[in-house]
Amino acid sequence: MPNDCTFWDRFLQTLSQINQLAKALTRDDALGAEYYILIDDLDLHWRDSPLQNSFLAALLLSIRRFAGSPRIKFVVSLRNYIFERIDVPEKDKVRDSVVSVRWDSTEIRSMIESRLSHLHERIRPYIWSDVFPRRTFDVIREHTDGTPRECIRLAALILIEAKRNGHPFAYAEDTEAALVQFAGERLSDLASVRQADLRSIDRVARRLVKIGTEFSYNGLEELAIDLAAEVESKSTDGMAFSWAGGYYERPLDLAKVLLEAGLLQYKPSRTVKPQDFDNHVHMISEKSWYAVHPKYKRAIFGS
């Protein structure tokens, strides 16, 4: 990992280059073509520091300044939880240019079919009947966040297990083994992505074994107290997730953190099906229920 000095030198150079390019492209003597500038990987090495967030805010403001040109378009990829941490003046106006990227089932299914039909020389419509057990696509959707990356990865793991076990096509046992491996990968990835603000969240997740896969406010309160006690004891876990120790009197705040991280799903009541949390839509209260996201369950509770 590069040191902070090197990282910020690169960041400043990038901002300078974008500024110079934007000015050049808006001159009357510039080429008349349209230009697109794609900016990605802004989450790399993000640690939620005031300086980092200030630079990101400056980047967004610079882009907004040049966005009026008909010749130059910016496309910035940024995780939602990072965007929410950035303090941008008149942020409501910036939101007008924000598009949430979501994939529907038809697009995901078609993408998997395209990948696998090439690899297995099957006609695309028969992938789900010739290669996978029935309802496998529904299982893939249920145990991922619905992005192409996760869906394709889980489908690939199922086929890897089938090949490892010498099966001509995927059996139910291959799917189950793949789900266990996938859950472990996702939990590890979550900890890696959130190491800046929710360090060792995977260790927090594993303490849900004491609470259960679904729980009410009482379970949430029990979790908050357990985490606080662990931090207070200065155990290995407690020192790793020290951020989690201050919620014993604010269990609902802990719920919001875990919901926004995607570790938990939201249930307005006990009998309602769990759903991904949207802080602009859902209201958390002491009557709310919570469920561990299916993609993490096997890593926490076993198969």
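For the structure, check the block above.
Note that this is a predicted model, so its numbers are computed, not measured.

Asker: What am I meant to see in the overall build of the protein chain here?
Answerer: Along the backbone of the protein chain there are 14 helices and five strands. Along the three orthogonal principal directions, the C-alpha set of the protein chain runs to about 65 × 55 × 40 Å. Every one of the 303 residues in the protein chain was classed for burial, and the buried ones make up 42%. The contacts in the protein chain between residues at least 6 apart in sequence include a share of 64% that link residues at least 24 apart. Counting only carbon and sulfur atoms, one obtains 50% of the accessible surface of the protein chain, whose full area is about 17600 Å².

Asker: What exactly am I supposed to notice about the environment of Ala 162 here?
Answerer: Its location among the elements puts Ala 162 in helix α8 (residues 148–164). A relative accessible area of 3% places Ala 162 in the buried class. Between the C-alpha atoms of Ala 162 and Tyr 217, which are 55 residues apart in sequence, the distance is 41 Å. With residues up to four places along the chain from it excluded, the contact list for Ala 162 reads His 167, Phe 169, Ala 170 and Asp 174.

Asker: Would you explain the packing of aromatic side chains in this entry?
Answerer: Here the distance between the centres and the angle between the planes together describe a pair of aromatic rings. This model, assessed by the stated rule, comprises five aromatic pairs. Look at Trp 128 and Phe 132: their rings are 5.1 Å apart centre to centre, the planes differ by 25 degrees, and that puts the pair in the stacked class. With respect to class, Trp 128 is no different from Phe 132; both count as buried. When the centroid spacing of 6.1 Å and the interplanar angle of 55 degrees are considered together, the rings of Tyr 266 and Phe 277 count as tilted. One end of the pair, Tyr 266, is in strand β4 (residues 264–267); the other, Phe 277, is in the loop between β4 and β5 (289–292), and eleven residues separate them in sequence. Grouping residues by exposure puts Tyr 266 and Phe 277 together as buried.

Asker: Where do I start with the environment of Pro 168 in this structure?
Answerer: Of note, Pro 168 is situated in the loop between α8 and α9 (172–193). Through-space distance from the C-alpha of Pro 168 to that of Thr 236 is 45 Å; in sequence the pair is 68 residues apart.

Asker: Which parts of the structure should I look at to understand the packing of helix α11 (residues 217–232) against helix α13 (residues 251–261)?
Answerer: The description of two helices packed together rests on the angle between their axes and the distance between the axes. Two elements in contact, α11 and α13, have axes separated by 9 Å at closest approach and are oriented at 90 degrees. Considering their axes alone, α11 and α13 lie roughly perpendicular with respect to each other. Of α13, the residues touching α11 (which contributes Tyr 217, Leu 220, Glu 221, Leu 223, Ala 224 and Leu 227) are Pro 251, Leu 252, Leu 254, Ala 255 and Leu 258. Taken together, the residues that form the contact of α11 with α13 break down as ten nonpolar, no polar and one charged.

Asker: Which parts of the structure should I look at to understand unusual backbone geometry?
Answerer: Across residues other than glycine, the phi torsion is negative in most instances, and most of the peptide bonds are trans. Of note, the phi angle at Arg 135 is positive, near 65 degrees, even though the residue is not glycine. Following the sequence through the fold, Arg 135 ends up in the loop between α6 (127–130) and α7 (136–142). On the accessibility criterion, Arg 135 (54% relative accessible area) is exposed. Although it is not a glycine, Ser 200 adopts a positive phi angle of roughly 60 degrees. You can see Ser 200 is positioned in the loop between α9 and α10 (201–206).

Asker: How do you make sense of helix α14 (residues 294–301) when you look at a structure like this?
Answerer: Residues separated by three or four positions in an α-helix point in the same direction, a consequence of the helix having 3.6 residues per turn. Pro 294, Lys 295, Tyr 296, Ala 299 and Ile 300 are the residues of α14 that are buried. Looking at the buried side of α14, the elements it contacts are α7, α8, α9, α10, β4 and β5. In the segment just after α14, Gly 302 is the residue with positive phi, at about 85 degrees.

Asker: Mind showing me how you'd approach the environment of Cys 151 here?
Answerer: As for its placement among the helices and strands, Cys 151 is situated in helix α8. With relative accessibility at 0%, the residue Cys 151 sits in the buried group. Put simply, Cys 151 and Phe 137 are 14 residues apart on the chain and 8.8 Å apart in space, counted from C-alpha to C-alpha. Discounting residues that sit within four places of it in the chain, Cys 151 has contacts with Ile 108, Ile 112, Ile 140, Thr 144 and Gly 146.

Rules behind the numbers
- Residues numbered from 1 in each chain as written.
- Predicted model: local features only at pLDDT ≥ 70, side-chain atom pairs only at ≥ 80, totals over all residues.
- Heavy atoms only, no water.
- Helix = DSSP H or I, 4+ residues; strand = E, 2+ residues; numbered from the N terminus.
- Buried < 20%, exposed > 50% of the residue type's maximum accessible area, 1.4 Å probe, protein only.
- Contact = heavy atoms within 4.5 Å.
- Areas by Shrake-Rupley, 256 points an atom, 1.4 Å probe, with all protein chains shown as cover.
- Phe/Tyr/Trp six-rings, centres within 6.5 Å; stacked < 30°, edge-to-face > 60°.
- Axes fitted to C-alpha atoms, helices over the stretch in contact; angles between N-to-C directions.
- Parallel < 35°, antiparallel > 145°, perpendicular 65-115°, else oblique.
- Nonpolar A, V, L, I, M, F, W, Y, C, P; charged D, E, K, R; others polar.

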